[in-house]
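# Chain and residue survey
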Amino acid sequence: MGLLQRPPRTPEEIEASRPLAIPPEEVARMDEKEWYERAFRGDAAQLTVRSIAMGTVLGFFLAFTNVYVGLKAGWALGVALTACIVSFTAWTTLLKLGLARSPMTILETNCMQSVAASAGYGTAVITSTAVPAMLMLTTTDADPRGHNLPFYVVAPWVFLVAVLGVSMAVPMKRSLVNRERLPFPEGTAAAVLLQSLYTEAAEALAKGRALLVAALVGVSVPLLKDLHVRHGHGLLPGQSRVFDFLPERVVRVLDEHTHAFVDRTTRASDWGMVLDHGVVLVGAGAIVGLRATVGMVAGAMIVAYGLGPMALAAGWTNPSGVLVAAAKLPSSAWRDIGVWLGAPILVAYGLVTFALQFRGFGRSFRSLGAGAGANDDPRVSAVEVPMRWFVLGTTVAGAAIVVVAHVAFGIPVHYGALAIFLCFFLALVMARATGETGLTPGGPMGKVMQLTYGVLLPQSAVANLMTASMTAGSGLACADLLLDLKSGYLLGAHPRRQFVAQFLGIFTGTAATCIGYYALVPDATVLAGTPDHPAAFPAPAAQQWRVVADLFRLGIDNLHPMARWAMAVGLLVGTVLAVLEWALPRQRRWIPSATGIGLGVLLPFHIPVSFFLGALAAWVFQRTSPRQGGRFVVPIASGLIAGESIVGVLVQLLNNRLLR
């Protein structure tokens, strides 16, 4: 029997496709044999043309959200829950209008969210890290716009890395999901949400309406402030100088012409302290929470009131030794000096946290070594993804990646093959971390690869960045597939059909993420800003990757003394905070967030403020009305994010192509 199915049509088929009577929490405790006998739904409709089509459409547009938010704030947001709510609400509406013949089953919606999640989440990391970092490395004082990698290089790279990642998940699934039954929190949440959507229809529609209303608010924002309908400007300003009520400050600066120190009066807005009028980051902050966003604001204040004035007084020079104009530095302090403190905080925190989880590292390889045994149930083996798919996928995708890496980036073939080998083991570590905690350490694993190739090919920033993108991209795609397979496992889905759904999403995700990236980032000025316009998309994750690549390419001795000092402090802060979280897990919420502080230091001030306002609003909502807050914070936040980011990409396409 083929993998592709037709939707249920008769009352008997619809009844056979109803949700399990067993809750996901109970299924999670079953071993393989019991799961096959009590939970597996056999050939119940799931991989249908309509589920693939719905997932493709939603995934295409939801991919824009992670490109947009990733370039704005360096964060990757899961889209599975949003896709489930939107799909259920949309299909229910189509049924009421008589445009659909039968309800979409719970397993069809589960397959739909696999397609959407693969497209909207599993392919976005490379276009918010390595690709913009490569663009920044091509900029000079004479050519601040730089040169983007061509579409015909980026698209195959994104696609092949994602295929490599989903192929690598095949031998991990049975160990991590079936046997060890790791929680995979987001996958479990998706299963619980789907079960509730199909058993509590009224509640599902209420959440869908909340998401829709929030999305309409988000849609209006870029149309009003970003669409160039008035001499290159929107109808409304994008930012306001609400913080200029703060006292003016006199700072000592080194004049770039006379090389003499002079006093200069600055306002808050000179340091980028403005209020952004967008809502996408407000929505993201509502999901991220107060602890991290308070740290982000603290980091931004450190730049505005500490590092920035100190850099001006020290006569800050860029890595090429050129004195940064005093008139330019205040608003770009986050990029010129903040990145040398923020990136080391994030790198040290990620790597030390990873090192302290050495037990999980060992369990990863022991579980993989367990393999298939004599006690395996052949009935389960017959529905699992076969190992030959792993062999075929990794061989074809890996060989193609090595070829592209050599032709497009000049990476020697043997070093490209070594990177593929290392990617598998790092992806295994990322998969286990995702299964145990819900957090995928793509950044730290990318840094491991950067450090490795910084030693092997110290003068090649290209090799440094692109091999790291292989690790982060394949590991994220691998972990994302396992999240979706966990959701399907709890609902009794057919693993092979869900794998096919995930694979199909890669095509859509590749197209959407590349279109979104080139629409938002036509050149490097949108990443770095200009004296007249702040950075629209500061790409903090790419800034981190660029710093590591620059460090190996230029050598630490060529950096400004203050940059070296900031790096040392950042490494110390990140290490101390990681150790404190490990040693005092019960007090973690009171320990400053290293991720928040690190991001806040290397982001323009208005981004941490927007994150904090969203987190504060969500906290107040949940404190004043716990039940309503628990029901509606995620749908409202998801609607704001999806509305502004999707239309924001479309607006930039119009601005760049038609309204220039």
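Before reading further, recall that the structure is shown in the block above.
Every value quoted in this text rests on a predicted model; they were computed, and no experiment measured them.

On to the side chain of Asn-110. Looking at the element boundaries, Asn-110 is found in helix α6 (residues 106–120). By relative accessible area, Asn-110 is classed as buried at 0%. Sequence-distant contacts of Asn-110, that is, excluding residues within four places in its chain, are made with Leu-194, Asp-484, Ser-487, Gly-488, Leu-491, Ala-493 and Gln-498.

What follows deals with empty space enclosed by the protein. Across all of its chains, the model carries five cavities of 30 Å³ or more by this definition. Lining the largest cavity are 13 residues; nearest its centre among them are Trp-271, Val-303, Trp-334, Leu-603 and Phe-605. At the level of elements, α13 (290–313), α14 (329–356) and α25 (594–601) are the ones that each hand at least two residues to the lining of the largest cavity. For the lining of the largest cavity, the per-class residue count stands at 11 nonpolar, two polar and no charged. Roughly 70 Å³ of internal volume is contained in the second largest cavity.

Turning to the environment of Ala-541, a few remarks are in order. Positionally, Ala-541 belongs in helix α23 (residues 540–554). Under the relative-accessibility criterion, Ala-541 is labelled buried at 11%. Beyond its immediate stretch of four places on either side in the chain, Ala-541 contacts Gly-74, Ser-128 and Thr-129.

The final tally for this structure, using the stated rule, is 19 aromatic pairs. Between Tyr-68 and Phe-537, the ring centres sit 5.4 Å apart and the planes meet at 80 degrees, which makes this aromatic pair edge-to-face. With Tyr-68 in helix α4 (residues 49–73) and Phe-537 in the loop between α22 (525–528) and α23, the pair connects residues that are 469 residues apart, well separated along the chain. Phe-537 shares its class with Tyr-68; the two are buried. Here a set of aromatic residues connected by ring pairs shows up, and it is made of Trp-35, Tyr-36, Phe-40 and Tyr-489. One Lys or Arg, Arg-249, reaches over the ring of Tyr-305 and ends 4.1 Å from the middle of that ring.

Criteria and cut-off values
- Residues numbered from 1 in each chain as written.
- Predicted model: local features only at pLDDT ≥ 70, side-chain atom pairs only at ≥ 80, totals over all residues.
- Heavy atoms only, no water.
- Helix = DSSP H or I, 4+ residues; strand = E, 2+ residues; numbered from the N terminus.
- Buried < 20%, exposed > 50% of the residue type's maximum accessible area, 1.4 Å probe, protein only.
- Contact = heavy atoms within 4.5 Å.
- 1 Å grid on protein atoms, 1.4 Å probe; cavity = no way out; pocket = protein on both sides within 12 Å on 5 of 7 lines; lining within 4 Å.
- Points joined across faces, edges and corners; volume = space filled by probe spheres on them.
- Nonpolar A, V, L, I, M, F, W, Y, C, P; charged D, E, K, R; others polar.
- Phe/Tyr/Trp six-rings, centres within 6.5 Å; stacked < 30°, edge-to-face > 60°.
- Lys NZ or Arg CZ within 6 Å of the ring centre and 35° of its normal.

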